[in-house]
Amino acid sequence: MSSQTTEFTKGAPLTLLSEEETMFQQSVREFAIEKIRPLVHEMDTRAEINKDLVKSFFDLGIMGIEVPEQFGGAGSTFFNAVLVVEELSHVDASCGVLVDVQNTLVNNAIVRWGTEAQKSRYLAMLSSNTVGAYALSEAGSGSDAFALACRAEDRGDHWLLNGQKLWITNAAEAGIFIVFANANPDAGYKGITAFIVERDFPGFNIGKKEDKTGIRASSTCELMFEDCRVPKENVVGEVGRGYKIAIETLNEGRIGIGAQMIGIARGALEHAIAYSKERKQFGKAISEFQGIQFQIAQAATELEAARLMVYNAARLKDAGMPFVKEAAMAKLFSSQVCEKVTSISVEIFGGNGYTREYPVEKFWRDSKIGAIYEGTSNMQLSTIAKTILTDRL
Ligand SMILES: Cc1cc2nc3c(=O)[nH]c(=O)nc-3n(C[C@H](O)[C@H](O)[C@H](O)COP(=O)(O)OP(=O)(O)OC[C@H]3O[C@@H](n4cnc5c(N)ncnc54)[C@H](O)[C@@H]3O)c2cc1C
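Each value, and the rule that gives it
Residues numbered from 1 in each chain as written. Predicted model: local features only at pLDDT ≥ 70, side-chain atom pairs only at ≥ 80, totals over all residues. Heavy atoms only, no water. Helix = DSSP H or I, 4+ residues; strand = E, 2+ residues; numbered from the N terminus. Buried < 20%, exposed > 50% of the residue type's maximum accessible area, 1.4 Å probe, protein only. Near = heavy atom within 4 Å. Polar contact = N/O pair within 3.5 Å; in protein donor to acceptor, adjacent residues only side chain to side chain. Areas by Shrake-Rupley, 256 points an atom, 1.4 Å probe, with all protein chains shown as cover. Core = buried A, V, L, I, M, F, W, Y, C linked by side-chain atoms within 4.5 Å. Contact = heavy atoms within 4.5 Å. 1 Å grid on protein atoms, 1.4 Å probe; cavity = no way out; pocket = protein on both sides within 12 Å on 5 of 7 lines; lining within 4 Å. Points joined across faces, edges and corners; volume = space filled by probe spheres on them. Nonpolar A, V, L, I, M, F, W, Y, C, P; charged D, E, K, R; others polar. Pairing = 2+ DSSP bridges. Axes fitted to C-alpha atoms, helices over the stretch in contact; angles between N-to-C directions. Parallel < 35°, antiparallel > 145°, perpendicular 65-115°, else oblique. Left-handed = near helix turned anticlockwise from the far one by under 90°. Phe/Tyr/Trp six-rings, centres within 6.5 Å; stacked < 30°, edge-to-face > 60°. Lys NZ or Arg CZ within 6 Å of the ring centre and 35° of its normal. Salt bridge = Lys/Arg side-chain N within 4 Å of Asp/Glu carboxyl O.

Novice: If you had to explain unusual backbone geometry to someone new, which residues and values would you point to?
Specialist: A positive phi is found at Phe-282, a non-glycine position, where the angle reads about 50°. One can find Phe-282 in the loop between strand S9 (280–281) and strand S10 (284–285). Of note in the backbone geometry, Glu-374 takes a positive phi value of approximately 55° without being a glycine. Since its relative accessible area comes to 12%, Glu-374 is described here as buried.

Novice: Give me the lowdown on the site of the ligand, citing residues and values where you can.
Specialist: Around the ligand sit 18 residues in total, of which Ser-137, Ser-143, Trp-167, Thr-169 and Thr-376 are the nearest. In this structure, a nitrogen atom belonging to the ligand sits 2.8 Å away from a main-chain N or O atom of Tyr-134. At 3.0 Å from a nitrogen atom of the ligand is found a side-chain nitrogen or oxygen belonging to Asn-378. If the ligand stood free it would expose 980 Å²; the protein chains cover 63% of that surface.

Novice: Any chance you could break down the nonpolar core for me, citing the residues and the numbers?
Specialist: Ranked by internal contacts, the top residues of the largest apolar core, which has 107 residues, are Ile-36, Phe-57, Tyr-134, Leu-161, Phe-180 and Val-197. Per-element tally for this core: the top contributor is helix H7 (residues 242–278), with 12 residues. Discounting residues that sit within four places of it in the chain, Tyr-134 has contacts with Val-101, Leu-105, Val-106, Ile-168, Ile-178, Phe-180, Ile-245, Ala-246, Thr-249 and Leu-250. Residues Tyr-275, Val-346, Ile-348 and Val-360 belong to the second largest nonpolar core, which totals 10 residues.

Novice: How would you summarise the layout of surface pockets if you had to cite specific residues and measurements?
Specialist: Taken as a whole, the largest pocket spans an internal volume of roughly 1,300 Å³. Together, 44 residues line the largest pocket, and Gly-142, Leu-250, Tyr-373, Glu-374 and Gly-375 are the ones closest to its centre. Of all elements in the fold, only helix H5 (93–113), strand S1 (131–135), strand S3 (158–169), H7 and helix H11 (377–390) reach the threshold of two or more residues within the lining of the largest pocket. With 6 residues, H7 is the single largest residue contributor to the lining of the largest pocket. Of the residues contributing to the lining of the largest pocket, the split by class is 23 nonpolar, 12 polar and 9 charged.

Novice: Tell me about the pairing of strand S7 (residues 220–231), residues and numbers included.
Specialist: Across 9 bridges, the pairing between S3 and S7 is antiparallel. Its bridge partner lying in S7, Ile-168 is registered against Cys-221. Note that strand S6 (residues 204–209) and S7 share 4 bridges and pair antiparallel. The partner of Phe-204 across the bridge, within S7, is Phe-225.

Novice: Run through the environment of Gly-370, naming residues and quoting values.
Specialist: Assignment of secondary structure puts Gly-370 in the loop between helix H10 (360–367) and H11. The sequence separation of Gly-370 and Gly-320 amounts to 50 residues, and the corresponding C-alpha distance is 26 Å. Beyond its immediate stretch of four places on either side in the chain, Gly-370 contacts Ile-257, Met-261, Lys-331 and Ser-335.

Novice: Outline the packing of helix H1 (residues 19–36) against helix H3 (residues 51–60), supporting the account with residue identities and numerical values.
Specialist: Here H1 crosses H3 at 160°, and the two axes come no closer than 12 Å. In terms of axis orientation, H1 runs roughly antiparallel to H3. In this structure, H1 meets H3 at a crossing whose hand is right-handed. Of the residues in H3, those touching H1 at Val-28, Phe-31, Lys-35 and Ile-36 are Leu-53, Ser-56, Phe-57 and Leu-60. Of the residues that constitute the contact of H1 with H3, the class distribution is 6 nonpolar, 1 polar and 1 charged.

Novice: Lay out the packing of aromatic side chains in plain terms, naming residues and giving numbers.
Specialist: Within the structure shown, the criterion is met by 13 aromatic pairs. Aromatic side chains Phe-204 and Phe-225 sit 4.8 Å apart centroid to centroid with 5° between the ring planes, which places their arrangement in the stacked category. Taken together, the residues span a long stretch of sequence, with Phe-204 in strand S6 and Phe-225 in strand S7 at a distance of 21 residues. The exposure class assigned to Phe-204 is buried, which follows from its relative accessible area of 5%. A relative accessible area of 2% means that Phe-225 is categorised as buried. When the ring of Tyr-275 is compared with that of Tyr-358, the centres are 6.3 Å apart and the planes differ by 85°; the resulting orientation is edge-to-face. Of the two residues, Tyr-275 sits in helix H7 while Tyr-358 sits in the loop between helix H9 (324–348) and H10, which places them 83 residues apart along the sequence. By way of ring pairs, the aromatic residues Phe-146, Tyr-189 and Tyr-243 are connected into one cluster. Its guanidinium or amino end placed over the ring of Trp-159, Lys-232 lies 5.4 Å from that ring's centre, counting from NZ or CZ. The positively charged end of Arg-315 is found above the aromatic ring belonging to Phe-79, 3.7 Å away from the centroid.

Novice: So what about the pattern of salt bridges? Which residues, and what values?
Specialist: All told, the structure shown has 30 salt bridges when counted by the stated rule. Between Glu-248 and Arg-112 there is a salt bridge, with its nearest N and O atoms 2.6 Å apart. Linking Glu-248 in helix H7 with Arg-112 in helix H5, this pair joins segments that are 136 residues apart in sequence. With its nearest N and O atoms 2.7 Å apart, the salt bridge here joins Lys-244 to Glu-248. You can see Lys-244 and its partner Glu-248 sitting in helix H7, 4 residues apart, about one turn around the helix. Its relative accessible area of 29% is what places Lys-244 among the partly exposed residues. Within this structure, Arg-29, Glu-86, Glu-87, Arg-266, Glu-270, Glu-304 and Arg-307 form a network of salt bridges that share partners.

Next up, the structure:
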């Protein structure tokens, strides 16, 4: 993958891609179709991602897209990360989210707030051979993320972490975890601190893996910390400023989830269009019925609108402009469109759409997560309302 930076062209159409963007898009599209597609059904059935595939994500250069070249990354843009997540998710949303979490949350936190020593050690690993995970949620704190109960105790030359995390994507594969814990509960959310935890740190264990409805090949696990010893130098940013890291990484992460959603919707719709041309009823292809044509036209239109919102939010972010409202809108809308488009795609397949022999039911199952993780749809509405009503963000 090239590492040249993308020029931001003012006034250009949002979907007009630069040479470097086209290259990222094409290479990942081909990879997804040739290498991932044959494995999708098995990975979904076994609820496990193929380990060789994960290795090839590193070889392809898509695990450190924005990581500066000096630390082994591609030194590229956030927009390219969005293109990659869309292309992967158009074939398999589990692969999409693995790469999304790595780039938009884990790498992002270390690139922006990490010390030089953290960057040298961890970004090099994350770009070349180590999967990352991002651990904020707990059983008692989801939407109310800053009510987290995980505690960090200062023991002079190290920290001790105690508590549990829930729902952690990539946990089964990850070697590096960004973990949020409160170092000063009396200060409320201003005690929240981000730590880098390595998988083999003493006192750290990975717990139960969830048996999910969709994105089944993506691992989602519980994490347990029992007097987990974390070196002093593994605090990311400042002690007590973890809430800011969480807010700001998730603001960007949401655009990645938007990309996952438009990828899923596109994947389902492509299958539905192909099927509608093959399936014959009443002596002709069902694509010849206006009822089917209108369903496809409506789905394609809504998908285009969602894509423009996701691309615009990503381009705003790369241009250094405010993007929080646009990111929340893009995630909210693209997850709604995704549920709708995948559902229509199942209907276009008729009875076949309702079986696991055909690919569309999986896209439908995978679509649901978009309204839940990285802030539920109600939380996106709450962010959008705040930005509109108070002009604060
Ligand atoms: C597959 C999967 C992967 C995940 N990966 C990660 C990960 O990698 N890292 C991580 O930290 N977390 C992860 N999560 C957690 C995810 O971010 C949370 O599930 C999500 O934020 C919602 O929290 P909750 O499940 O506790 O739901 P709750 O917060 O209990 O919400 C339940 C319902 O109440 C609504 N609600 C809550 N508060 C309000 C309010 N104030 N106003 C209106 N409605 C409200 C919500 O919108 C929702 O409909 C993952 C979750 C899943 C399912």
